[in-house]
Amino acid sequence: MKQLPNILTLGNLFCGSLAIIFILHAPQYIAEFNGVEYTITNPEPVYWASALVVLASLFDFLDGLVARLLKLQSPFGKELDSLADLITFGLVPGMIFFRLLRSAYMRMPDVFDVSYINLAPALLIPCFAAYRLAKFNLDTRQSENFIGMPTPAVGLLVASFPLIILYNPFNLAPMLQNLWVLYTVILVLCYLMVAEIPMLSLKFKTLSMSENWPRVALIILAIAGAPLLRFAAVPVVFICYVLLSVIARPATGNTGK
């Protein structure tokens, strides 16, 4: 029982590692362009990776819950959790962005002249996630709420993008295949992860509605939005999470991710 929270954390890491395999495992074929043959790599259906990120977020939620219920919280568990989060909610979203950027460039006439430098901004996501996890593991102000965007929120948001492209609710897919939209989202997420902005935690410390109304509003929005907006509900809830955090200005006081 003492190892149960750590086992759940490793379940998070296992899902993140498997997601990387799905993203990397892409079939190749030969195409001819202006009389020259090129090896083309098809974008893997990364929605399987998206599903694994969702499953990993469940493990991430349960490991902390079980640790609190069994009073098994420890510095070791906290560090292990951060290492798992870096892979699942840092590296995997970065690789999803890499795929999305490459797919966006595939639509351009000069696709074969595109350098990997153009795709490198995707790797800012794991870099900023690592910085956030290292910095905020030492931050003593986050006992009840967060300062900066939690990495699991970033991971879930990015994981929704392939699913939005696949099912195309409200014809949003073209937006997520636009290079400048992708670059802008990368920069915004990197900023939010390290910004000194108090962000809500979804943990209910009391039953006071005056303290918990932003959390209740966010949960109601997520439940109501899922059947109406489908996968587009994820970015909508993410934006509302940021807005509610700014409006409510949650108090900060010692560990978050």
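Before going into details, it helps to say that this report is about the structure given with it. (Residues numbered from 1 in each chain as written. Predicted model: local features only at pLDDT ≥ 70, side-chain atom pairs only at ≥ 80, totals over all residues. Heavy atoms only, no water.)

As for its placement among the helices and strands, Asn 212 is situated in helix H7 (residues 209–229). Along the sequence, Asn 212 and Leu 202 sit 10 residues apart, while their C-alpha atoms lie 8.8 Å from each other. (Helix = DSSP H or I, 4+ residues; strand = E, 2+ residues; numbered from the N terminus.)

Core analysis: the biggest nonpolar cluster contains 48 residues, and Phe 97, Leu 101, Met 149, Phe 161 and Leu 189 have the highest contact counts within it. Looking at this core, the elements with two or more residues in it are helix H1 (4–24), helix H2 (47–69), helix H3 (75–105), helix H4 (124–136), helix H5 (151–167), helix H6 (179–194) and helix H8 (233–248). When residues in this core are grouped by element, the largest group, 10 residues, is from H3. Aside from chain neighbours lying at most four places away, what touches Phe 97 is Ala 122, Ile 125, Val 158, Phe 161, Leu 182, Val 185, Ile 186 and Leu 189. (Core = buried A, V, L, I, M, F, W, Y, C linked by side-chain atoms within 4.5 Å. Buried < 20%, exposed > 50% of the residue type's maximum accessible area, 1.4 Å probe, protein only. Contact = heavy atoms within 4.5 Å.)

What follows concerns the layout of surface pockets. Roughly 410 Å³ of internal volume is contained in the second largest pocket. For the second largest pocket, the lining is made up of 17 residues, of which Leu 157, Phe 161, Val 185, Pro 235 and Ile 239 are closest to its centre. Elements with a contribution of two residues or more to the lining of the second largest pocket: H5, H6 and H8. Here the residues of the lining of the second largest pocket sort into 17 nonpolar, no polar and no charged. (1 Å grid on protein atoms, 1.4 Å probe; cavity = no way out; pocket = protein on both sides within 12 Å on 5 of 7 lines; lining within 4 Å. Points joined across faces, edges and corners; volume = space filled by probe spheres on them. Nonpolar A, V, L, I, M, F, W, Y, C, P; charged D, E, K, R; others polar.)

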